[in-house]
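Fold and geometry: a report
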Amino acid sequence: TTTRTWSSSATSLHSTVEATTNDAIAAIEHPDFDIVETDHISEFGASATLYRHKKSGAELLSLSTDDDNKCFGITFRTPPQDSTGVPHILEHSVLCGSRKYTTKDPFVQLLQGSLQTFLNAFTYPDRTCYVVASQNTKDFYNLINVYADAVFHPRAISDPMVHAQEGWHLELENVEDPLTYKGVVYNEMKGVYSSPDSLLQREAQQSIFPDNAYGVDSGGDPVDIPNLSFEQFAAFHAKFYHPANSRIFFAGDDDVAERLEIMAEYLGDFDASPESKPGSAIEWQKKRYEEPVKVRHPYPVSDKGADGQPDTHLMQVNWLMNDKQLTPKEEITSTVLDHLLMGTTSSILRKTLMESGLGDAITGGGLANELMQGTFSVGLKGVKPENVDTVENLIVDTLKKVVEEGFTEDAIAASMNTIEFDMREFNTGSFPKGLSLMLGSMREWVYDRNPTDALKFEEPLAELKESIAQDGSKVFQVMVKEFLLENSHRTTVEMFPSTTLEEEQLTEEKDRLAKIKESLKEEDLQSIIDTTAKLKKLQAAEDSPEARGTIPSLDLADLRREVTEYPIDVTDNEADSGVTVVRHELGSTSGITYAKLAVDVSDISLEDVALLPLLTRIMMETGAGEYDSVALSRRIGTHTGGVSVSTMISGVNKEGSTPGVVGEGEHFVSKILISGKSTSDKTEELFSIFDLILRDANLDSQAKIIEMLRESKSRGESTVQGSGHAVANARIRSR
């Protein structure tokens, strides 16, 4: 039965993935801070203390963990009122010098003498985050100081040239020349708005959120960006970058008292601002559509002539999932449901759409839940215009089928195991674990809810398991029915090709600029010419030695001289098999085995190397042995933390070639890599799946291969449109 199968699977995973069991640490006190709450997050072995700065009202969450990759972040709630892109422009601008660190771009110089493992900033539709991480304690504190001074005391709010450079400005070098718009964010968003995929997601979000901050573009619409004045820009910082509207985050093994001392220095400059939090509150978007809404919008394409292949449409169906706060159980249920519907190539909604032949690739990707309200979006690109309604009907009919028939027991077990494995493993790859903890906590904290609740999953996971044990698939069928099928707050966005749109937009911009120039007096034009020259001179000028001297750096004495060594054992001929085995016996994998099998395929011709990525997809997505694609996917999901097949292609030089000299570029080592992970008691099953995929992959599904090629073609076209510079760089490097 469902109860017996699921119960044993859950028990197995829980007992073999070892949780971190660090004991709770007593909260550290500081005279400038009140302790609001203490907590222990057993899921991640983190002791948490939430502080409030007495004078400014700033909140600070301090997580003490055994992670030496220390992370700091400061987040401001920054809901925009329009699409001028002021949150995005401000994110760029605060990093252009500050009260203490006076160079034009402190972070460029800081990076030259830093051991940072992460340094970046993000603009969300409703918040702006600044994050740094480092394993070196002195470096970590240097980064914190530069970031804190940048956000609270930026040069940008007193120097209009920063707004002009990072946001937008009118540019004119000679009075007879036409006016043009220039600016870092302006140019960036021009590129974004030329991408059909970006335009689709923009239209989808704005159609589903007509009444709140999510209904405008926080990144900036190139048409609206020039409407942002310097005064509005500075006022936005004054309103939203007050400490009372900030959420300050620390995680790692550094001294909590030192964290508080550093932040007390910056927060002490500010008095309380009771209106800051209420002034940045995000309004709930109510589900007010009485029937689904259809939106049509053009996207730019080039004219291919009479003999060119006709351009296709993109379409996406979008739902507003909730207009009130979800319970933790509902949150985790929606995550598992999303995996059941869209998580793998064998998931029912994704599989049905791709096998329909109605489009080339999936759009939307399913559940998006990092904002205050969740959405569910799915569709296809590469759709013929006459098939747009057919795709919409297919999506709705597939969801109806789910409500009527439910999910099979093995499908639920596979998705539950996959989601639970990911949560317990907490493998953040190359990103600091502290960053993931911060972004997770912000899903609650930025909306004035408990920040540590978002990091806990044991209790809601247990509740979901209990519901599945009692009712099986019904818990997911009810959610599909209530949140999707019976939810009329739904939009269908259709993007259609236009060969004239780009020219129309350029003409509109030229006419707008021509009218501005006609309205200006001679002295106004000269002022623009002078400002253009001044800005270019500032950009070209080097920082003074005094300014560069304000940027902190590390000395040799600050570097750790000990080299971290990892255990390695190499067996050249394991059990007389001819296979070389490399083992790393680590004590920190939480009971998880990570394995890679590399098969040398260097004997294939150079012309066939380009086919290897297609081969690796076929090996994973067409089934193997007695398993069809769905059964293989579920076996992988039920017993492992994931299996993938990829290629490794590395250039080599001939023996005797001169070291350091670029070779002919015609000799490669090519390998197929099968990678996977599982709990230690499932290692034998993991290698059994490796063997099955390698020896018995079904390579004869012509229809599936054609589907893959169409999807790859669509992805390649999107890459060229959205990241043309990356394509050009790849072509240059290949030569």
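Residues numbered from 1 in each chain as written. Predicted model: local features only at pLDDT ≥ 70, side-chain atom pairs only at ≥ 80, totals over all residues. Heavy atoms only, no water.

1. Structural notes on the sheet that holds strand β1 (residues 33–41)
Counted only if it meets this: Here, strands pair whenever DSSP counts at least two bridges between them. Secondary structure elements follow DSSP: runs of H or I no shorter than four residues count as helices, runs of E no shorter than two count as strands, and numbering proceeds from the N terminus. Inter-axis angles, ranging from 0 to 180 degrees, are taken between N-to-C directions of lines fitted to C-alpha atoms, where helices are fitted over the stretch in contact.
Ordered by their spatial adjacency, seven strands build an open sheet running β1-β2-β3-β9-β4-β6-β5, and the pairing between neighbours is mixed. Every other strand in the sheet has two partners, leaving β1 and β5 (116–123) as the edge strands with one partner each. Between one strand and the next, the sheet's axes are offset by a mean angle of 10 degrees, whatever the strand orientation. Sheet topology places strand β4 (residues 70–77) next to strand β6 (residues 127–134); eight bridges connect them, and they run antiparallel. Bridging across to β6, K70 finds its partner in S134.

2. Some words on the pairing of β5
Here seven bridges tie β5 to β6, and the two strands are oriented antiparallel to one another. Residue pairing across strands places T123 opposite T128, the latter belonging to β6. Counting the residues in the hairpin turn of β5 and β6 gives three residues.

3. Looking at the side chain of T65
Basically, it comes down to this: Throughout this description, buried means an accessible area under 20% of the type-specific maximum (1.4 Å probe, protein chains only), exposed means over 50%, and partly exposed covers the range between. Throughout this description, a polar contact denotes any pair of N or O atoms lying within 3.5 Å of each other; where both atoms belong to protein, one of them has to be capable of donating a hydrogen while the other can accept it, and for residues adjacent in sequence the pair is counted only when both atoms sit in side chains.
Structurally, T65 is set in the loop between β3 (59–64) and β4. Take T65: its relative accessible area is 15%, and that puts it in the buried class. Of note is the side chain of T65, whose polar atom sits 3.2 Å from the backbone nitrogen of D67.

4. Things to note about the packing of aromatic side chains
Each aromatic ring pair is described using two quantities: the centre-to-centre distance and the angle formed by the ring planes. Where we set the bar: When the centres of two rings from Phe, Tyr and Trp lie within 6.5 Å, Trp using its six-membered ring, the rings pair. Their planes under 30 degrees apart give stacked, over 60 give edge-to-face, and anything left gives tilted. Whether a charge sits over a ring comes down to the Lys NZ or Arg CZ being within 6 Å of the ring centre and within 35 degrees of the ring normal.
In total, this model carries 22 aromatic pairs according to the counting rule given. Considering the side-chain rings of F152 and F270, the 5.4 Å spacing of their centres and the 55 degrees angle between planes classify their relative orientation as tilted. Of the two residues, F152 sits in helix α4 (residues 137–152) while F270 sits in the loop between α9 (256–267) and α10 (276–279), which places them 118 residues apart along the sequence. One aromatic cluster is present, built from ring pairs that chain together F76, F107, Y130, Y147, F152, Y241 and F270. The lysine or arginine in question, R127, covers the ring of Y124, its NZ or CZ lying 4.2 Å from the ring centre.

5. Concerning the environment of D572
Along the chain, D572 falls in the loop between β15 (569–571) and β16 (581–583). Each C-alpha atom, one on D572 and one on V582, is 8.5 Å from the other, the two residues being 10 residues apart in sequence.

6. Thoughts on the sheet that holds strand β17 (residues 592–600)
Quick note on the threshold: Pairs of residues are marked as contacts when any of their non-hydrogen atoms sit within 4.5 Å.
In space, the three strands of this open sheet follow the order β17-β19-β18, with antiparallel pairing throughout. The sheet is open, and its two edges are formed by β17 and β18 (642–651), each paired on a single side. In this sheet, neighbouring strand axes are inclined to one another by 25 degrees on average, regardless of whether the strands run parallel or antiparallel. Sheet topology note: the β18/strand β19 (residues 668–679) ladder contains 10 bridges and is antiparallel. Opposite M648, over in β19, you have K671 as the bridge partner. Here helix α14 (residues 409–425) sits on the sheet and contacts β17 and β19; the angle it forms with β19, its principal contact strand, is near 95 degrees. Its contacts with the sheet put helix α22 (residues 612–621) on β18 and β19, and the angle it makes with β18 is roughly 165 degrees.

7. Looking at unusual backbone geometry
Non-glycine residue F426 carries a positive phi angle of around 50 degrees. Take F426: it is sitting in the loop between α14 and α15 (433–445). Positive phi, close to 55 degrees, is recorded for D576, a residue that is not glycine.

8. Notes on the pattern of salt bridges
Keep this limit in mind: Whenever a carboxyl oxygen of Asp or Glu lies within 4 Å of a side-chain nitrogen of Lys or Arg, that contact is scored as a salt bridge.
Inspection of the entire model under this criterion finds 44 salt bridges. In this structure, K54 and D34 form a salt bridge, with 4.0 Å as the shortest nitrogen-oxygen distance. A residue pair is termed long-range when its members are at least 10 positions apart, and K54 in the loop between β2 (46–53) and β3 and D34 in strand β1 qualify at 20 residues. For the salt bridge of R695 with D691, the shortest nitrogen-to-oxygen distance reads 2.4 Å. With R695 and D691 both in helix α24 (residues 683–696) and four residues apart, this pair spans about one turn of that helix. Among the ionic contacts, a cluster of salt bridges with common partners joins R52, E59, R77, R247, K277 and D448.

9. A few points about the packing of helix α13 (residues 388–405) against helix α17 (residues 474–485)
Our working rule: Helix crossings are classified by the rotation of the near helix relative to the far one: an anticlockwise turn of less than a right angle makes the crossing left-handed, while a clockwise turn makes it right-handed.
At a minimum axis separation of 8 Å, α13 and α17 run at an interaxial angle of 145 degrees. You can see that α13 and α17 cross each other, and the crossing is left-handed. From α13, V396, L399, K400, V402, V403, E404 and E405 reach across to α17, where they touch Q477, V480, K481, L484 and L485.

10. Considerations on the nonpolar core
Quick note on the threshold: We call a set of buried residues a nonpolar core when its members are Ala, Val, Leu, Ile, Met, Phe, Trp, Tyr or Cys and they connect through side-chain atoms within 4.5 Å of each other.
Core analysis: the largest hydrophobic core is formed by 71 residues, its most contacted members being F72, Y130, I144, F152, I248 and M263. Per-element accounting of this core gives the leading share, 10 residues, to α4. In this structure, L50, F118, L353 and A411 belong to the second largest nonpolar core, which totals 62 residues.

11. As for the confidence of the model for the protein
Using the following cut-off: On a range of 0 to 100, pLDDT expresses the predictor's confidence in each residue.
This prediction gives the protein a mean pLDDT of 91; 95% of its residues lie at or above 70. Note that residues 1–21 has pLDDT below 50 and, in this model, 35 contacts with residues that lie over four places away or in other chains.

12. Looking at the environment of I706
Structurally, I706 is set in helix α25 (residues 702–722). Placed 346 residues apart in sequence, I706 and D360 show a C-alpha to C-alpha distance of 9.9 Å.

13. With respect to the state of the cysteines
To keep it simple, the criterion reads: Whenever a pair of cysteine sulfur atoms sits within 2.5 Å, that pair is classed as a disulfide.
This structure, assessed with the given rule, holds zero disulfides. C96 carries a free sulfur, and the closest cysteine sulfur to it, the one in C129, is 19 Å from it. The exposure class assigned to C96 is buried, which follows from its relative accessible area of 7%. Not part of a disulfide, C129 finds its nearest cysteine sulfur in C71, a span of 11 Å.

14. Comments concerning a nonpolar patch on the surface
Using the following cut-off: In this analysis, a patch consists of residues with relative accessible area above 30% that form no salt bridge, clustered at 9 Å for like charges and at 5 Å for the nonpolar side chains Val, Leu, Ile, Met, Phe, Trp and Tyr. Where accessible areas are quoted, they stem from the Shrake-Rupley method and a 1.4 Å probe; at the residue level, only the protein chains shown are allowed to cover.
Together, L115, L556 and L559 give the surface a local cluster of nonpolar side chains, amounting to about 290 Å² of exposed area. Tracing the backbone through its elements, the reader meets L559 in the loop between α20 (545–548) and β15.

15. Brief notes about the environment of I732
By the element assignment, I732 lies in helix α26 (residues 724–734). I732 gets classed as exposed once you look at its relative accessible area, which sits at 61%. For I732 and L260, which are 472 residues apart along the polypeptide, the C-alpha to C-alpha distance reads 49 Å.

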